[in-house]
Amino acid sequence: MSASNCGPVAREAMNPAILLVDFISPSRAELQSFLQSQQCDVATVSNADSAVSYCQQTQPDLVLLYDSLRDIGSFELCRRLKVDPLNHLTPVVLVKPSPDQWDIHRGQKAGAMDIWSTPSSPRDFLGRIQTLLRLKKYTDEQAKSEVFRLARSIDSRKNLRNGHSDRMVACAQKLGESLGLGEEDLQELRIACWLHDVGKIKVPEGILLKPGPLDTEERRIMQEHPVIGERMCAPLKALRRILPVIRHHHEKMDGSGYPDGLRGEAIPMKARILQIADIYDALTTNRPYRKALPPEEALQTLFSEAQKGWLDAPMVEKFAQICKESEYFPAKGRTIQAADYA
Ligand SMILES: [Fe+2]
Ligand SMILES: [Fe+2]
């Protein structure tokens, strides 16, 4: 049932995924086959741990949680599912034989979308399930456009990186193509370029726009942005595969980067591509306290960072070739802020 091989485009076209937790037979089998006949992908689990791990792996579009769990109560499981950032947007519905006001109150506190009484037939569920799936789709689209809007606003802040992410896309895409990435991976790489610094939305402007080096505390705050960005994108299933790229875009090959100190090929390939494009664009863009470097000098800096063990040396080599062939990705009116690749 795991869809880990699907990229963002493919995933969006998938059937809605529904998880049935502890629906006792024969209701479970009947409901499962009925929902499958309605073009839903349906998985079933019968205990809390399986429910939690399935939700982490798959981010279903709806969880129906039947109230007959033996290991932990359904309210507690609902709470556990909803605290996971990956399933923050996943509607969880509790199903009980005859819920009362107290159940409704507890369900709301646990984060349940609704509490339904046990249906007499699966068909009774269908209308309500369809409504929730439509709502989920709408919520996902709203959340996704909000994440892109925030990323765009980071890009266009005054004196900040005017069009930084768009220029990165051009560089990263060429490098990705030359390394043999297919269209699905390239699409993820483009999305990662647009969203890589979305976590900077939480960095105070005084730090983000500081026209000079950051002190230790400011640097610590700035360095939280990959983890914040990952958390912001986590509830969106369509962005699932780019989360490691966002999280690891400031790692270094020798393990001296952040947030996890990953080394070498443990750093996702798309993150290594993205960081070369990120740094190249930063260096070749005007900043408040210095002019843009000429492309040849920017490439020299990339080579010296590769020599220090920070960047992927063969990739930098490849990128230098592409740059020469692409006339160094000329861009007009570049402006950039100092803290761009803190
Ligand atoms: Fe960054
Ligand atoms: Fe950047």
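Report follows, based on the coordinates. Because the structure is a prediction, the values reported are computed rather than measured.

Cut-offs used in this document
- Every chain is numbered independently, its residues counted from 1 as its sequence is written.
- Chains carry letters and ligands carry numbers; both start at the beginning, A for chains and 1 for ligands, and go up in the order they are written.
- Thresholds applied to this predicted model are a pLDDT of at least 70 for local features of residues and 80 or more for the giving and counting of side-chain atom pairs; totals over whole chains, interfaces and linings are not thresholded and use all residues.
- Excluded from the side-chain calculations are hydrogens and water; all other atoms, namely the structure's heavy atoms, are used.
- Think of it this way: any DSSP run of H or I at least four residues long counts as a helix, any run of E at least two long counts as a strand, and we number them from the N terminus.
- Exposed residues in this analysis have more than 50% of their type's maximum accessible area, buried residues have under 20%, and partly exposed residues fall in between, with area computed by a 1.4 Å probe over protein chains only.
- By definition in these notes, contact holds between two residues if any of their heavy atoms fall within 4.5 Å.
- Surface accessibility in these figures is a Shrake-Rupley result with a 1.4 Å probe; residues are shielded only by whichever protein chains are displayed.
- By salt bridge we mean one thing: a side-chain nitrogen of Lys or Arg within 4 Å of a carboxyl oxygen of Asp or Glu.
- Only nitrogen, oxygen and sulfur atoms qualify as donors, provided they sit within 2.8 Å of the metal or within 3.2 Å for Na, K and Ca; with water excluded from the atoms, sites may seem incomplete.
- In short, tetrahedral needs four donors with all angles between 85 and 135 degrees, square planar needs four and octahedral six donors with opposite donors over 155 degrees apart and all other angles between 65 and 115, and whatever is left is irregular.
- Think of it this way: DSSP has to see at least two bridges between two strands before they count as a pair.
- Inter-axis angles, ranging from 0 to 180 degrees, are taken between N-to-C directions of lines fitted to C-alpha atoms, where helices are fitted over the stretch in contact.
- Think of a polar contact as two N or O atoms within 3.5 Å of one another; within protein, one of them needs to be a possible hydrogen donor and the other a possible acceptor, and neighboring residues in sequence only count if both atoms come from side chains.

1. Here we look at the overall build of the protein chain
Here comes step 1: Assigned secondary structure in the protein chain consists of 15 helices and five strands.
Here comes step 2: Looking at the protein chain as a whole, 49% of its 342 residues qualify as buried.
Here comes step 3: Within the protein chain, contacts between residues at least 6 apart in sequence are counted, and of these 68% link residues at least 24 apart.
Here comes step 4: As presented, the protein chain carries roughly 15,700 Å² of accessible surface, and 51% of it is formed by carbon and sulfur atoms.

2. With respect to the pattern of salt bridges
Here comes step 1: One pass over the structure, following the stated rule, counts 21 salt bridges.
Here comes step 2: When the shortest N-O distance is used, the salt bridge between Arg 247 and Asp 260 registers 2.7 Å. Taken together, the residues span a long stretch of sequence, with Arg 247 in helix H12 (residues 243-247) and Asp 260 in the loop between H12 and helix H13 (269-283) at a distance of 13 residues.
Here comes step 3: Taking the relative accessible area as the measure of exposure, Asp 260 reaches 36% and is therefore partly exposed.

3. Quick notes on the coordination of the iron ion (ligand 1)
Here comes step 1: On the protein side, the iron ion (ligand 1) has Asp 197 (OD), His 225 (NE2), His 249 (NE2) and His 250 (NE2) as donor atoms, found 2.1 to 2.2 Å from it.
Here comes step 2: Taken together, the four donor atoms surrounding the iron ion (ligand 1) define angles of 85 to 176° at the centre, an arrangement classified as irregular.
Here comes step 3: In primary-sequence terms, the residues that donate to the iron ion (ligand 1) follow D-x27-H-x23-H-H.
Here comes step 4: Between the two metal centres, the iron ion (ligand 1) and the iron ion (ligand 2), the spacing is 4.6 Å, with Asp 197 acting as a shared donor. Taken together, the residues Asp 197 in the loop between helix H8 (183-195) and helix H9 (205-208) and His 225 in helix H11 (residues 225-233) connect sequence positions 28 residues apart.
Here comes step 5: In this structure His 225 comes out as buried when scored by relative accessible area, which is 0%.

4. What about the sheet that holds strand E1 (residues 17-21)?
Here comes step 1: With parallel pairing, the five strands of this open sheet are ordered in space as E2-E1-E3-E4-E5. In this open sheet, the two strands that pair with only one neighbour each are strand E2 (41-45) and strand E5 (114-117). This sheet shows a mean twist of 20° between the axes of neighbouring strands, independent of strand direction.
Here comes step 2: Packed onto the sheet, helix H4 (residues 74-83) meets E1, strand E3 (62-66), strand E4 (92-96) and E5 and runs at close to 175° relative to E4.

5. Section: the environment of Arg 80
Here comes step 1: Mapping Arg 80 onto the fold places it in helix H4.
Here comes step 2: Counting along the chain gives 31 residues from Arg 80 to Asp 49, while the straight-line C-alpha distance between them is 10.0 Å.
Here comes step 3: Sequence-distant contacts of Arg 80, defined by excluding residues within four places in its chain, comprise Ala 48, Asp 49, Val 52 and Ile 72.
Here comes step 4: Polar contacts involving the side chain of Arg 80 include one to the side chain of Asp 49, which spans 3.4 Å.

6. Considerations on the coordination of the iron ion (ligand 2)
Between any two of four tetrahedral donors, the ideal angle at the metal is 109.5 degrees; between two of six octahedral donors, it is 90 or 180 degrees.
Here comes step 1: Taken together, His 164 (NE2), His 196 (NE2), Asp 197 (OD) and Asp 278 (OD) make up the full set of protein donors to the iron ion (ligand 2), lying 2.3 to 2.7 Å away.
Here comes step 2: Seen from the iron ion (ligand 2), its four donor atoms lie at angles of 72 to 163°, and the figure they make is irregular.
Here comes step 3: Read in sequence order, the donor residues for the iron ion (ligand 2) give the motif H-x31-H-D-x80-D.
Here comes step 4: With a relative accessible area of 1%, Asp 278 lands in the buried category.

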